[in-house]
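A structural walkthrough
What follows is each chain in one-letter form.
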Amino acid sequence: MTASLVFTQLLNGLQVGVLLFLLAAGLTLVFGIMDFVNLAHGSLYMVGTYIATAATNASGSFLLGGAAAVAGTLAVGVAVDRIVLAGLYRREHLDQVLATFGLVLFFNEAVRIVWGPSPLYSQVPGWLDGSVQLLGFGYATYRLAIIGVGLGVAAFLYWLINLTRVGMLIRAGATNPAMVSALGVNVRLLNMAIFGLGAALAGLAGLMAGPIFSVQPGMGEPVLIQTLVVIIVGGIGSIRGAFLAALIVGVVDTMGRIFLPIWMSKAMDPSIAQAAGPALASMLIYLLMAVVLAFKPEGLFPVKHG
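The following paragraphs examine the structure supplied in this document. These numbers were taken from a predicted model, which means no experiment stands behind them.

**A word on the overall build of the protein chain**
Counting its regular elements, the protein chain contains 12 helices and two strands. Order of helices (α) and strands (β) in the protein chain, N terminus to C terminus: α-α-α-α-β-β-α-α-α-α-α-α-α-α. A compact globule built from 306 residues would reach a C-alpha radius of gyration of about 19 Å, and the protein chain, at 20 Å, matches this within 12%. The principal-axis extents of the C-alpha atoms in the protein chain amount to approximately 65 × 50 × 35 Å.

Okay, structure coming up:
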């Protein structure tokens, strides 16, 4: 185990973390403010990845693919919110779960119809290909760009939530939505804006994930589970919590998958360690969530009320 390997995997963990943050930021706002359980958020990420990959392959421009992904998922998110979900906001959580699970099935079949069942592939743009030197170690330029985009989005959301009138309304809506409505704020429009913002962030995550992961139907479900872990660990409704928890979960998951089999091979037969290590590593983030829930049920960085 070398310093180069540790440094590289730490950066990979941060890269995974910022992708999870792009998903968790929108989902935690929907949970925390709208009190809406949206299992279809991972499907919006999948749709964004497909749109980005298809648009990039057709145009040859990664930036055009990115614009199409963000605009496309924003439009899909607003359409789903107005057509399907608007009537469910006042319903029980079970109704919301069943409806959005139906949307998951719908989107999975829709991408199969439009793009086929075979995976799509996207290339890293030439201007982000290669590697850069960090502290004497080489690291992929594209993965470093993902970290930079995630940090930029985090700074933008901090400004939006804490320093603008829209952010004030969002924070007030999370604390007392009835009072916000009584003051004349169009809560329906605010909810639509929040849902659309979450969808656009999911599309941005899909854009960045396209050249790294296989683009295929059903790819939204595994990442949705990890995103739910992030918002539970960080605290539902907290953007700061989503950011910090996403970094923690990304690093724990990545480092565990790489180093747990190595450590286990020192104490047992290497073949057994290589078989059992990845399985145990995949459990680490869920063990982390269980520990957090045992000691801080509201999450590590909950929204402060009052």
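**Digging into helix α9 (residues 220–234)**
A rise of 1.5 Å per residue sets the reference length of α9, with its 15 residues, at 21 Å; its end C-alpha atoms lie 21 Å apart and thus fit the reference within 8%. Within α9, the full set of buried residues consists of G220, V223, L224, Q226, T227, V229, V230, I231, V233 and G234. Contacts made by the buried residues of α9 are with α1 (3–34), α2 (41–59), α10 (239–265) and α12 (284–295). Note on α9: the residue one or two positions beyond its end, G235, has a positive phi of about 115 degrees.

**Brief notes about the packing of α10 against α12**
One way to put it is that α10 packs onto α12 with a least axis distance of 9 Å and a crossing angle of 140 degrees. The angle between α10 and α12 falls in the class oblique. Here I248, V249, V252, D253 and G256 of α10 lie close against α12, whose contacting residues are L284, I285 and L288. Residues of the contact of α10 with α12, tallied by class, amount to six nonpolar, one polar and one charged.

**A look at the pattern of salt bridges**
Scanning the entire structure with this criterion turns up four salt bridges. Two residues, D95 and R91, come together in a salt bridge whose shortest N-O distance is 3.3 Å. Assessed through its relative accessible area of 45%, R91 is described here as partly exposed.

**Some points on the packing of helix α3 (residues 62–85) against helix α8 (residues 187–209)**
Geometrically, a packed helix pair is captured by the angle between its two axes and the distance between the axes. Taken N-terminus to C-terminus, the directions of α3 and α8 make an angle of 145 degrees; their axes are 7 Å apart at the nearest point. The two elements α3 and α8 meet at a crossing, and its hand is right-handed. Residues F62, G65, G66, A69, V70, T73, L74, G77, V78, D81, R82 and L85 of α3 pack against R188, M192, F195, G196, L197, A199, A200, G203, L204 and L207 of α8. Its residues placed into classes, the contact of α3 with α8 shows 13 nonpolar, six polar and three charged.

**A word on the packing of aromatic side chains**
For the structure on display, the rule yields seven aromatic pairs. For the ring pair F7 and F137, a centre distance of 5.4 Å and an interplane angle of 35 degrees mean the geometry is tilted. On the criterion of sequence distance, the pair formed by F7 in helix α1 and F137 in strand β2 (residues 137–140) is long-range, its members being 130 residues apart. Between F21 and F243, the ring centres sit 5.2 Å apart and the planes meet at 85 degrees, which makes this aromatic pair edge-to-face. Linking F21 in helix α1 with F243 in helix α10, this pair joins segments that are 222 residues apart in sequence. F243 gets classed as buried once you look at its relative accessible area, which sits at 18%. Taken together through their ring pairs, the aromatic side chains of F62, W127 and Y142 make up a single cluster.

**A word on the environment of A205**
Note on placement: A205 falls in helix α8. Counting along the chain gives 61 residues from A205 to K266, while the straight-line C-alpha distance between them is 37 Å. Each residue touching A205, except ones within four places of it in the same chain, is listed here: L19, L22, L23 and Y45.

**Some thoughts on the nonpolar core**
Formed by 75 residues in total, the largest nonpolar core has its most connected members in F21, M34, Y45, L85, L157 and I194. A total of 14 residues in this core trace back to one element, the largest contributor, which is α1. Not counting residues up to four positions away in its chain, the partners in contact with F21 are G150, V153, A154, L157, I239, A242, F243 and A246.

The rules behind the values
- Residues numbered from 1 in each chain as written.
- Predicted model: local features only at pLDDT ≥ 70, side-chain atom pairs only at ≥ 80, totals over all residues.
- Heavy atoms only, no water.
- Helix = DSSP H or I, 4+ residues; strand = E, 2+ residues; numbered from the N terminus.
- Rg over C-alpha atoms; globule rule 2.2 N^0.38 Å.
- Expected span 1.5 Å × (residues − 1).
- Buried < 20%, exposed > 50% of the residue type's maximum accessible area, 1.4 Å probe, protein only.
- Contact = heavy atoms within 4.5 Å.
- Axes fitted to C-alpha atoms, helices over the stretch in contact; angles between N-to-C directions.
- Parallel < 35°, antiparallel > 145°, perpendicular 65-115°, else oblique.
- Nonpolar A, V, L, I, M, F, W, Y, C, P; charged D, E, K, R; others polar.
- Salt bridge = Lys/Arg side-chain N within 4 Å of Asp/Glu carboxyl O.
- Left-handed = near helix turned anticlockwise from the far one by under 90°.
- Phe/Tyr/Trp six-rings, centres within 6.5 Å; stacked < 30°, edge-to-face > 60°.
- Core = buried A, V, L, I, M, F, W, Y, C linked by side-chain atoms within 4.5 Å.

Without other data, these values stay purely geometric and don't point to any function.
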